[in-house]
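Per-entry structural report
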Amino acid sequence: MEPASAKSTIEQLATPITVFDEVSPQRAVLFEKLGLRSVRDVLFCFPRDYEDFSDVRLVDDLEEGLLQTVRGRVTEVDSRGGFGRTRVGVIIEDAQGGALRATWFNQIFMRDKFKPGQLVQLSAKPRKSGLRWEMAHPRAAWLEDDNAAEHDGLLPVYPLTEGISLYHRRRLSELVVEQFAEVPEEVFPDDLLQRHGLLPLRQAIPQVHFPKNDAERDTAQRRFVFQELFILQLALAARRLQQQLSFKAPVLPIDAKIDARITRLMPFELTAAQRGAIDQIAADMARDVPMNRLLQGDVGSGKTAVALFAMLLAVAHGKQAVLMAPTEVLARQHARTLDALLKESRVNYRLLVGGQGDAERREVLAGLASGEVSVVIGTHAILQDKVELPHLGLAVIDEQHKFGVKQRAALRTGDRSPHYLVMTATPIPRTMAMTQFGDLEVSILGELPAGRQPVSTYLVEPSQLDRWWKFVQDKLREGRQAYVVAPLVEESENVSATSVEQEFERLTYGELHGFRVGLMHGRMSSDDKEGVMQQFRSGALQVLVSTTVIEVGVDVANASVMVIASPERFGLSQLHQLRGRVGRGGHPGFCAIIPQEELSDNARGRLEAFASTTDGFELAELDFSLRGPGELFGAKQSGLPPMRIADLQRDRDVLIEAREAAQQLFSQDPGLKDPEHQKLRKQMLYRYGKALELGDVG
Ligand code: ADP
Ligand code: MG
C-alpha cells in the first residue's frame, strides 16, 4: 500500500495539466481549445488513430505509400544552405548494405544529432528517387545496440490545433499517463470484466495511448469502446424507465369496430407491411406509456396511410392528433389526402401553415384549444410553438431527421405526453437506431404497395444528352409529366453547378421549347409555390423545374420522368428521395442524373451505385460508410454527445454485446442502486444526464 494520498481520486484527476513544467501557460490555453484542462481530460481523450512504427524493413523491401521503418548505421551527414533554406541529409545503411537517404529542410539542428557509425531508425513514407530510396522528415530514434524493440510500437495520433504539434500533444499524454494512469478506479464489477474479456482500466489506459502492437491496441480499445457503449445503453434504459414513470399517455386501444370503421375509409387494401406496422402502433397506443416509434419505409412504401390510421384511432377515442410535415407543400398535400379520406366522415380537421391569414390562423388555434378541431396538419415549425392541444393523443412527425429527445419533449404538458410516431424514408442504419436513437422503437415497411412501378436510372454522359431529352419529349407527348431538379445556386457562388433559374430558362428556350414548363424554388412565397404545385398537379404544367423542395413526399401519380442536374451535389439518400417522386402511378418511372462537372472516381462510383440499385436501405448504408453519419443523423439531431472512441461501423459486434449486457444489468438493478454499480451510475449521469434529461434515476 502506498502512503494514503491526501487527495481523493476525483481531486487527483482534476489536477490541472499546468502542474507539468512542460505545459507553459500559453500552451495550456491551446490545450484547452482541445478540451484538455485536467489530467482526467488527457487520460480519457483517446487517440483518433495510430502511427505504426512496427513495419520494420530492409531498404530493398521498401514500398511507396506506406509508413515504414528502416534501421541502419549512419554513413554520411551533410548539410547545405545558410539563412532561409537549409537542408540536412543523412545516409544510413541497413544490415544488408541497402542505403537510404533522409532529408530535413530548415531543421539545421538535425545535423548535430547524427554521427557516422550510430545505429538509428528512421520512419516515414519512403519515396524512390532514381535508384535511391529517400525519406523526407522521417521520425528518428537513436538505438543503443540492444533496445531496438522499445521503438517499434504504435504512436498515438490526437486531434490537434494550431500551435500544438503532434509531438507536443504526445508528450502531454506521456507525462500524464506515466504519473496518473493508476489513479482512476475501475467502473465495472469484476464478474463483468471477466465475462466480457475486458482489460482492467488501469492496464487499459497506458495501453490505449501507447500500445506496443496491434493486438495491444485492439484489446485496450475494445475495453473503452465497450465501456462507452455500455454506459450509453444504460442511459437509454434509464431514460425509458424514467419516461414510463414520469409521463402518462392516454390509453387508446383498438377494437374490431374501430378497426373496421377506419379501414373502410382507406381507398385501397392495406399491404401486409402496413397492417403489421399498424398492429405494432395500436399495441403501443393501448398502453399508458407514451409510444416512441419510428416508422421507417422506403420512398412510396405508404407511410402516410399508416399514420392516418393511427391518427383516426386517436380521434375515435375523442383525442386530438397532429401531423407535422417538413414543408408547407407537403402539409398541404397531406391535407388533400385527408380531404379525400374524410369526405364522408364527421372528423373536424384543419390545416395550419405560414401562408394563412391571421384570422384563419386564430380560428384554427381557437378550434384546437376548445377541442372542437380534432386533427391538425401543419409544418414542424408552426406546430412547435405554443399551440394549445388540450386533448392531444398522438403526434405524427413526417419525414424528419430531427427527432431527438428535445423535439419530442415539445408537445408534452406536465406529466401528460402524447404518443409519438416519427416517419422517415431515410433508413437509419441499425447501429444508429440502437444508439443515437436508441429510445425509439422501430417499425419497418419492407414492402411497396402493389402497382408501384420500377424506376430505371441512367447516369447520362454528355454524348447521350440529345437522345435523353428526345426521350423526355416523347414521354411528355404521351401525356406523362416530368420533374427537373437543379440546385439553387446564388449568382455569386462560383461553382460549375447549374442553378435552377438558369436551367429553367435554358429548357424553355431549348430542349423543352413548346412544352408547358413551370418553376418552383424555396425562395418563392408559399402561395406562389402552392400555385405552381397546383398547376402541375392538374396537368396545366407538363414539366416542373424545381429545387429540392419537392424532395420529400410530393406525390403526383402522372409524373414519370425525373431529371437531376448536378447530382454530384446531393447525398445518395437525397437522390433516392428525389427519384421516389416518379413511378408512383401506373407508369414506369425514369430517372436521369446529369453531372455538370468532371467526376472524380469517387463521385462517379457513388453515382453509379445509385443508378444500379433501387434499394434505399443499401444506399443509406453506402452513404453512411462513405460520408459517415454526420450528414444525415449527426449527434446534433439526436441531441446526444458524440462518441469518443466507439465507431458504430467498426464496433457493431461490441455494440450488440454491450447492449445486451447493459439491458440485463439494468433489468436486474433498475435504479442502479447496488453499491457495486455506483461508478457506472455516476458515469452514466455524468455523460448523459443532461442530454437525456435523466433526473435522479430510480
Ligand atoms: P411514403 O411512404 O413515401 O410517404 P406515401 O404514403 O406517399 O408513401 O404513399 C405512396 C403512394 O402509394 C401514394 O400515392 C399512396 O396513395 C399509395 N398507397 C399507399 N398505400 C397503398 C396501398 N396499400 N395500396 C395501393 N396504394 C397505396
Ligand atoms: Mg411520405
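In this text, all values refer to a predicted model and were calculated from it rather than measured experimentally.

**Brief notes about the overall build of the protein**
A tally of regular secondary structure across the protein gives 25 helices and 22 strands. For the C-alpha atoms alone, the extent of the protein along its principal axes is close to 95 × 70 × 45 Å. The proportion of buried residues among the 698 residues of the protein is 52%. Restricting the contact set of the protein to residue pairs at least 6 apart, pairs at least 24 apart contribute 74%. Within the structure as shown, the protein displays about 32400 Å² of accessible surface, and the carbon and sulfur contribution to it stands at 50%. In the protein, 84 side chains carry a positive charge and 95 a negative one; their mean positions are 3 Å apart.

**A few points about the site of ligand 1**
Ligand 1 sits among 15 residues. The nearest are Glu269, Gly300, Lys303, Thr304 and Asp555. Between ligand 1 and Gln274, the relevant distance is 2.9 Å, taken from a nitrogen atom to a side-chain nitrogen or oxygen of the residue. Taking Thr304, its side chain carries an N or O atom lying 2.6 Å from an oxygen atom of ligand 1. About the coverage of ligand 1: the protein hides 81% of its 560 Å² of free accessible area. When atom positions are compared with the pocket grids, ligand 1 is found to occupy the largest pocket. Residue composition of the shell around ligand 1, by class: 4 nonpolar, 6 polar and 5 charged.

**Observations regarding the packing of aromatic side chains**
One pass over the full model with this rule turns up 13 aromatic pairs. Both rings, one in Phe114 and one in Trp142, keep their centres 5.0 Å apart while their planes meet at 40°; by these two values the pair is tilted. With Phe114 in the loop between strand S4 (99-105) and strand S5 (119-124) and Trp142 in strand S8 (residues 139-142), this residue pair connects regions lying 28 residues apart in the sequence. Residue Phe114 is classed as buried on the basis of its relative accessible area, which comes to 2%. When the centroid spacing of 5.9 Å and the interplanar angle of 65° are considered together, the rings of Phe188 and Phe226 count as edge-to-face. You can see Phe188 sitting in the loop between helix H4 (166-180) and helix H5 (190-195) and its partner Phe226 sitting in helix H7 (residues 214-246), a full 38 residues away along the chain.

**Overview of the pattern of salt bridges**
A side chain of one charge can pair with a side chain of the opposite charge if their charged atoms are brought near each other. Considering all chains together, one arrives at 35 salt bridges under this definition. Here Asp214 and Arg217 are joined by a salt bridge, their closest N and O atoms 3.7 Å apart. One end of the pair, Asp214, and the other, Arg217, are both in helix H7, 3 residues apart, so they sit about a helical turn from each other. For Asp214, a relative accessible area of 36% translates into the label partly exposed.

**Re the layout of surface pockets**
Space left empty within the atom packing is revealed by a probe, the size of a water molecule, rolled over the atoms. If you add up the space inside the largest pocket, you get close to 940 Å³. Along the wall of the largest pocket there are 38 residues; nearest its centre are Phe268, Gly302, Thr304, Thr337 and Asp555. If you list the elements that add at least two residues to the lining of the largest pocket, you get helix H10 (303-316) and helix H11 (328-342). In terms of residue count, H11 provides more of the lining of the largest pocket than any other element does, 7 residues in total. Residue classes in the lining of the largest pocket are distributed as 14 nonpolar, 12 polar and 12 charged.

**Topic: the pairing of strand S14 (residues 392-397)**
Most of S14 is tucked away: 6 of the 6 residues are buried. Pairing between strand S11 (residues 320-325) and S14: 5 bridges, direction parallel. Each residue of the ladder has a partner; that of Gln320, found in S14, is Leu392. In the sheet, S14 pairs with strand S15 (residues 419-424) via 4 bridges, with the strands oriented parallel. Directly across from Val396, in S15, lies its bridge partner Leu421.

**Some details on the packing of H7 against helix H25 (residues 678-688)**
Viewed as axis vectors pointing N to C, H7 and H25 meet at an angle of 80°, and their least axial separation amounts to 9 Å. Between H7 and H25, the angle falls in the class roughly perpendicular. For the pair H7 and H25, the contacting residues are Gln227, Glu228, Phe230, Ile231, Leu232, Leu234, Ala235 and Ala238 in the first and Leu680, Gln683, Met684, Arg687 and Tyr688 in the second. Per-class residue counts for the contact of H7 with H25 are 9 nonpolar, 2 polar and 2 charged.

**Here we look at H11**
Since the α-helix turns once every 3.6 residues, residues separated by three or four places project in the same direction. In this model H11 runs 21 Å from its N-terminal to its C-terminal C-alpha over 15 residues, within 8% of the 21 Å that 1.5 Å per residue would give. Taking burial as the measure, the 15 residues of H11 include 11 buried ones, the bulk of the element. If you follow the buried residues of H11, they end up packed against helix H8 (256-265), H10, S11, strand S12 (349-352), strand S13 (375-379) and helix H18 (526-538).

**A word on the sheet that holds strand S18 (residues 481-485)**
Across the sheet, 6 strands lie side by side as S17-S22-S21-S18-S20-S19; this open sheet has parallel pairing. Whereas interior strands pair on both sides, the edge strands pair on one side only; in this sheet they are strand S17 (455-459) and strand S19 (517-520). Direction aside, neighbouring strands of the sheet carry axes that sit 15° apart on average. Bridge count between S17 and strand S22 (residues 589-594): 5 bridges; the pairing is parallel. Among the inter-strand pairings, Val455 is bridged to a residue of S22, identified as Gly589.

**A few points about H25**
Residues of H25 that are buried: Leu680, Arg681, Met684 and Tyr688. Taken down its axis, H25 places every buried residue within 100° of arc, on the same side. Turned more than 90 degrees away from the buried face of H25, the exposed residues are Lys682 and Tyr686. Turning to H25, the residues buried within the fold contact H7 and helix H24 (652-668).

**Some thoughts on a positive patch on the surface**
A contiguous patch of positive charge, built from Lys257, Arg261, Arg264 and Arg346, is present on the exposed surface. Relative to the helices and strands, Arg261 is located in helix H8.

**Concerning the confidence of the model for the protein**
The pLDDT averaged across the protein works out to 87; a share of 91% of its residues lies at or above 70. Confidence drops under a pLDDT of 50 for residues 630-636, and excluding neighbours within four residues, the segment shows 16 contacts in the predicted structure.

**Focus on the packing of H8 against H10**
Where H8 contacts H10, the axes come no closer than 10 Å and their chain directions differ by 135°. Considering their axes alone, H8 and H10 lie oblique with respect to each other. Viewed along their axes, H8 and H10 form a crossing whose handedness is right-handed. Of H10, the residues touching H8 (which contributes Ile258, Asp259, Arg261, Ile262, Thr263 and Leu265) are Phe309, Leu312, Leu313 and Ala316.

**With respect to the sheet that holds strand S7 (residues 132-136)**
Pairing in this open sheet of 7 strands is mixed, and the strands run S6-S7-S4-S3-S2-S5-S8 from one edge to the other. The outermost strands of the open sheet, each flanked by one partner alone, are strand S6 (127-129) and S8. Neighbour-to-neighbour, the strand axes of this sheet turn through a mean angle of 40°, independent of strand direction. For S4 and S7, the ladder comprises 4 bridges, and the chain directions are parallel. Following the sheet pairing, Arg101 is matched in S7 by Glu134.

The rules behind these values
- Residue numbers restart at each chain and count upward from 1, following the sequence in its written direction.
- Here chains are named by letter from A upward and ligands by number from 1 upward, in the order in which they appear as written.
- Since the coordinates come from a predicted model, pLDDT governs what is reported: local features require at least 70, and pairs of side-chain atoms require 80 or more to be given and counted, while whole-chain, interface and lining totals use all residues.
- Excluded from the side-chain calculations are hydrogens and water; all other atoms, namely the structure's heavy atoms, are used.
- Runs of H or I in DSSP of at least four residues are treated as helices and runs of E of at least two as strands, each being numbered from the N terminus.
- When a residue's accessible area, from a 1.4 Å probe over protein chains only, is under 20% of the maximum for its type it is buried; when over 50% it is exposed; and in between it is partly exposed.
- Two residues form a contact once any of their heavy atoms are found within 4.5 Å.
- Accessibility throughout is a Shrake-Rupley quantity obtained with a 1.4 Å probe, and a residue counts as covered only by protein chains that appear here.
- The charge count includes Lys and Arg as positive and Asp and Glu as negative, but it does not include His or the ends of the chains.
- The atoms used to mark charge sites are NZ of Lys, CZ of Arg, CG of Asp and CD of Glu.
- When at least one non-hydrogen atom of a residue lies within 4 Å of a molecule or strand, that residue is treated as near it.
- In the analysis that follows, any N or O atom pair within 3.5 Å is treated as a polar contact, provided that within protein one partner can donate a hydrogen and the other can accept it, and provided that, for residues neighboring in sequence, both atoms belong to side chains.
- Only protein atoms enter the 1 Å grid used here, on which a cavity is any set of points holding a 1.4 Å probe that cannot leave and a pocket is any open set flanked by protein within 12 Å on both sides along at least five of seven lines; residues with an atom within 4 Å of a point are listed as lining.
- Assignment of a molecule to a cavity or pocket requires that more than half of its atoms lie within 2 Å of the corresponding grid points.
- Classes in brief: Ala, Val, Leu, Ile, Met, Phe, Trp, Tyr, Cys and Pro nonpolar; Asp, Glu, Lys and Arg charged; the others, Gly included, polar.
- When the centres of two rings from Phe, Tyr and Trp lie within 6.5 Å, Trp using its six-membered ring, the rings pair. Their planes under 30 degrees apart give stacked, over 60 give edge-to-face, and anything left gives tilted.
- By convention in these notes, a salt bridge is any Lys or Arg side-chain nitrogen within 4 Å of a carboxyl oxygen on Asp or Glu.
- Grid points are joined across faces, edges and corners, and a volume is the space filled by probe spheres set on the points.
- One bridge is not enough; two strands pair if DSSP finds at least two bridges between them.
- In this description, a line fitted to the C-alpha atoms serves as the axis of each element, helices being fitted only across the stretch in contact, and the angle between N-to-C directions of two axes falls anywhere from 0 to 180 degrees.
- Put simply, angles under 35 degrees are roughly parallel, angles over 145 are roughly antiparallel, angles from 65 to 115 are roughly perpendicular, and the rest are oblique.
- An expected span of 1.5 Å times one less than the residue number is assigned to each helix.
- Here the arc refers to the directions that run from the helix axis out to each C-beta atom.
- The patches described consist of residues with a relative accessible area above 30% and no salt bridge, like charges being joined within 9 Å and nonpolar side chains (Val, Leu, Ile, Met, Phe, Trp, Tyr) within 5 Å.
- Here pLDDT means the predictor's own confidence in every residue, given as a number from 0 to 100.
- By convention, the crossing between two helices is left-handed when the near helix turns anticlockwise from the far helix through less than a right angle, and right-handed when the turn is clockwise.

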